[in-house]
Amino acid sequence: MKRYGLVIFDCDGTLVDSEPVSNQVVADMMNDLGIEMTKEKSIELFAGKKFADIDKYVNERVQTDIEFNFEKEFRKQSKIAFEKYLTVIPGAESFIKSLTIPYC
């Protein structure tokens, strides 16, 4: 008898690690807006938080009348960064290939 009938993966941290890449995008975008930020500080401040927390942080620090949708721009830039820099966590691909039960 099989113990499990299906494996459901939470992609981030299991198959890939997007935190360093996405937080570098956040840091770069904030620096472009004049908000001093590093990837490490971004991880410290925003890891595990809602995107609304990032928006609030930006809006509290940017003094401008220019309408800027930080999240929309982040989504565009992170897609490009993921395609360029995202890598598979070592062993994840071979583990998936070894599965004999369905997965998603």
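Before reading further, recall that the structure is shown in the block above.
Throughout what follows, the structure given in this document is the object of discussion. Sequence order as written defines residue numbering, which begins from 1 separately in each chain. Confidence filtering applies because this is a predicted model: local features only for residues at pLDDT of at least 70, side-chain atom pairs given and counted only at 80 or more, and all residues used for totals across whole chains, interfaces and linings. Note that the side-chain values use all heavy atoms of the structure and ignore hydrogens as well as water.

## With respect to the nonpolar core
Judged by nonpolar contacts, the single largest core of 16 residues is most densely connected at M30, F46, I54 and F70. The way it works is that DSSP assigns letters per residue, a run of H or I at least four long becomes a helix, a run of E at least two long becomes a strand, and they are numbered from the N terminus. Elements that contribute at least two residues to this core include exactly helix 1 (19–32), helix 3 (51–61) and helix 4 (70–85). At six residues, helix 1 tops the list of elements feeding residues into this core. What makes a nonpolar core is a set of buried Ala, Val, Leu, Ile, Met, Phe, Trp, Tyr and Cys residues whose side-chain atoms join them at distances within 4.5 Å. Only protein chains enter the accessibility calculation, which uses a 1.4 Å probe; a residue whose area is less than 20% of its type maximum is buried, one above 50% is exposed, and one in between is partly exposed. Core analysis: the second largest hydrophobic core is formed by five residues, L15, A92, I96 and L99 among them.

## Side note on the packing of aromatic side chains
Stacked, tilted and edge-to-face pairs are distinguished by plane angle, under 30 degrees for stacked and over 60 for edge-to-face with tilted covering the rest, among Phe, Tyr and Trp rings (Trp via its six-membered ring) whose centres lie within 6.5 Å. Per the stated rule, a full pass over the model turns up five aromatic pairs. Their ring planes at 40 degrees and their centres at 5.1 Å tell us that F51 and F74 sit as a pair that is tilted. One end of the pair, F51, is in helix 3; the other, F74, is in helix 4, and 23 residues separate them in sequence. Accessibility classification places F51 together with F74 in one group, the buried group. One aromatic cluster is present, formed by F9, F95 and Y103 through successive ring pairs. Geometrically, a lysine NZ or arginine CZ counts as sitting over a ring once it is within 6 Å of the ring centre and also within 35 degrees of the ring normal. Between the NZ or CZ atom of R61 and the centre of the ring of Y57, over which it lies, the distance is 3.5 Å. A cation sits over an aromatic face here: R75 above F51, 5.1 Å from the ring centre.

## Quick word on the pattern of salt bridges
Whenever Lys or Arg places a side-chain nitrogen within 4 Å of a carboxyl oxygen from Asp or Glu, that contact is recorded as a salt bridge. Applying the stated rule across the entire model yields six salt bridges. The salt bridge partner of E60 is K56, with a shortest N-O separation of 3.8 Å. Taken together, the positions of E60 and K56, both in helix 3 and four residues apart, correspond to about one turn of that helix. Accessibility expressed as a relative area gives 52% for K56, which makes it exposed. Taking the shortest distance from any N to any O, the salt bridge between R61 and E60 comes out at 3.4 Å. R61 sits in the partly exposed class, given a relative accessible area of 39%. When its relative accessible area of 47% is taken as the criterion, E60 is described as partly exposed.

## Regarding the environment of P102
Note on placement: P102 falls in the segment after helix 5 (92–98). The spatial distance from the C-alpha of P102 to the C-alpha of F74 is 33 Å, given a sequence separation of 28 residues. It only takes one pair of heavy atoms within 4.5 Å for two residues to be counted as in contact. Discounting residues that sit within four places of it in the chain, P102 has contacts with G5, L6 and V7.

Without other data, these values stay purely geometric and don't point to any function.
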